[in-house]
Amino acid sequence: MLIQQLVNGLTLGAVYTLLALSFSLVMGILGILNLAIAELFMIGGYLGFTLITAGFPLPVAVLGGMLGAAAIAIAIEKIGYQPLRDAPLVTPMLSTLGFSIILQNVATNIWGSDPAQLPDEYFGKQYAFGPVNIGEMQLIVLVATVVLVALVAYIVQKTPIGRALRAVAENREVARILGVSADRLTMLAFILSGSLAGVAGVLIALHYGTITPYLGVEIGLKAIAVMVIGGTRQIWGALVAGPLIGIAEVLTVAYGGSQVRDFVVYGFMILILLLRPQGLLGGARSDQGQRV
């Protein structure tokens, strides 16, 4: 049972990792917390859910969720961030909170407030490894997470675009003097974060076979905790903290009861903030207010 719960925890932690990375991409570049990412996650899940039930294959569902979430992220950047980029940091953050509420209401009006369920025939195969059962969707979630995190890490660390993103995050004014377009990089950060959130939404919705308009709230808050624990500017921090929180949550439910799982997750976050505010792998911002 312990090994089975560890596998379940890794799967849940993989989704937390993708969503935490979505938050980190915007937080690390712009210094704001884009609260609408949680709802982009939920919208991506609904789009993937809809495509799967309409008979489209999984890759099309994932692509649809990713593109849909990315398109909404562009609208959020254009309407909710760009006009407010010179305002105090709390102002664009509150703007993204407004978008989050709007998206939740849009989803409720389109798909309803009741949980949507996948028919049994849509669930993948189960593979037995001794006493441990691993579902096909669990394997897809784990593999997709590793591939996407590695891809984002490569883009940020090894490509000219990534170097420009890191330059802007480090010093906005110097990056502008060197000819870096802050506006284009801001849009890119929103697109990448929205795409990751959309993919994560599709994967978790298909893994559990159910989705509601309120899915983004609970998982989004825990993804923020993962981002804080791993380090807000460290890609690999999310890859470490995500599975850690996922396993802790699953083991808490299995052996301690569901009523204490949030206490463990957020209690651990508070402990990290007290003992190591920069996160497990470092990466705390030192400027406390840099904007693009």
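Right, let's walk through the structure included here.

What counts and how
Residues numbered from 1 in each chain as written. Predicted model: local features only at pLDDT ≥ 70, side-chain atom pairs only at ≥ 80, totals over all residues. Heavy atoms only, no water. Helix = DSSP H or I, 4+ residues; strand = E, 2+ residues; numbered from the N terminus. Rg over C-alpha atoms; globule rule 2.2 N^0.38 Å. Buried < 20%, exposed > 50% of the residue type's maximum accessible area, 1.4 Å probe, protein only. Contact = heavy atoms within 4.5 Å. Areas by Shrake-Rupley, 256 points an atom, 1.4 Å probe, with all protein chains shown as cover. Lys, Arg positive; Asp, Glu negative; His and termini not counted. Charge placed at Lys NZ, Arg CZ, Asp CG, Glu CD. Salt bridge = Lys/Arg side-chain N within 4 Å of Asp/Glu carboxyl O. Expected span 1.5 Å × (residues − 1). Arc of directions from axis to C-beta. Phe/Tyr/Trp six-rings, centres within 6.5 Å; stacked < 30°, edge-to-face > 60°. Axes fitted to C-alpha atoms, helices over the stretch in contact; angles between N-to-C directions. Parallel < 35°, antiparallel > 145°, perpendicular 65-115°, else oblique. Left-handed = near helix turned anticlockwise from the far one by under 90°. Nonpolar A, V, L, I, M, F, W, Y, C, P; charged D, E, K, R; others polar.

**Digging into the overall build of the protein chain**
Then step 1. Of the regular secondary structure elements, the protein chain holds eleven helices and four strands.
Then step 2. Against the 2.2 N^0.38 benchmark of 19 Å for 292 residues, the protein chain shows a C-alpha radius of gyration of 19 Å, consistent with a compact globule.
Then step 3. Taken over the C-alpha atoms alone, the protein chain extends approximately 60 × 45 × 35 Å along its principal axes.
Then step 4. Expressed as a percentage of the 292 residues in the protein chain, the buried residues total 48%.
Then step 5. Summarising the internal contacts of the protein chain: among those between residues at least 6 apart in sequence, 80% fall at separations of at least 24.
Then step 6. Total accessible area on the protein chain is roughly 13,200 Å²; 67% of this is exposed by carbon and sulfur atoms.
Then step 7. Within the protein chain, the 14 negative side-chain charges are centred at a point lying 13 Å from the centre of the 15 positive side-chain charges.

**Quick word on the pattern of salt bridges**
Then step 1. Evaluated as defined, the whole model comprises five salt bridges.
Then step 2. For Lys-222, the salt bridge is made with Asp-262, and the minimal N-O distance between the two is 3.1 Å. In this pair, Lys-222 is assigned in helix H9 (residues 215–230) and Asp-262 in helix H11 (residues 261–275), connecting sequence segments 40 residues apart.
Then step 3. The exposure class assigned to Lys-222 is buried, which follows from its relative accessible area of 0%.
Then step 4. Across the pair Glu-249 and Arg-261 runs a salt bridge, and its minimum N-O distance is 3.5 Å.

**Some words on H11**
Then step 1. Between its first and last C-alpha atoms H11 spans 21 Å; for 15 residues at 1.5 Å apiece the expected length is 21 Å, and the two agree.
Then step 2. Taken together, the buried positions of H11 are Val-265, Met-269 and Ile-272. With its buried residues spanning 65° around the axis, H11 presents them on a single face. More than 90 degrees from the buried face of H11, the exposed residues found are Phe-263, Leu-274 and Leu-275.

**Remarks on the packing of aromatic side chains**
Then step 1. If you walk through the whole model with that rule in mind, you get two aromatic pairs.
Then step 2. With a centroid separation of 5.8 Å and 40° between ring planes, the pair formed by Tyr-81 and Phe-190 is classed as tilted. Remark: Phe-190 occurs in helix H8 (residues 182–208) and Tyr-81 occurs in helix H3 (residues 58–81); sequence separation between them is 109 residues.
Then step 3. A residue is classified by how much of its surface remains accessible, and Phe-190, at 0% relative accessible area, is buried.

**Focus: the packing of H9 against H11**
To describe two helices that pack against each other, one gives the angle between their axes and the distance between the axes.
Then step 1. One can describe the packing of H9 onto H11 by two numbers: an axis separation of 9 Å at closest approach and a directional angle of 30°. By the criterion of interaxial angle, the relationship of H9 to H11 is roughly parallel. Crossing of H9 over H11 shows left-handed handedness. Two secondary-structure elements touch here, H9 through Glu-218, Leu-221, Lys-222, Ala-225, Val-228 and Ile-229 and H11 through Arg-261, Asp-262, Val-265, Tyr-266, Phe-268, Met-269, Ile-272 and Leu-273.
Then step 2. Class assignment for the residues of the contact of H9 with H11 results in ten nonpolar, no polar and four charged.

**Some words on the environment of Pro-131**
Then step 1. As for its position among the elements, Pro-131 is in the loop between strand E2 (126–129) and strand E3 (132–135).
Then step 2. Spatially, the C-alpha atoms of Pro-131 and Gly-48 are 32 Å apart, while their sequence positions differ by 83 residues.

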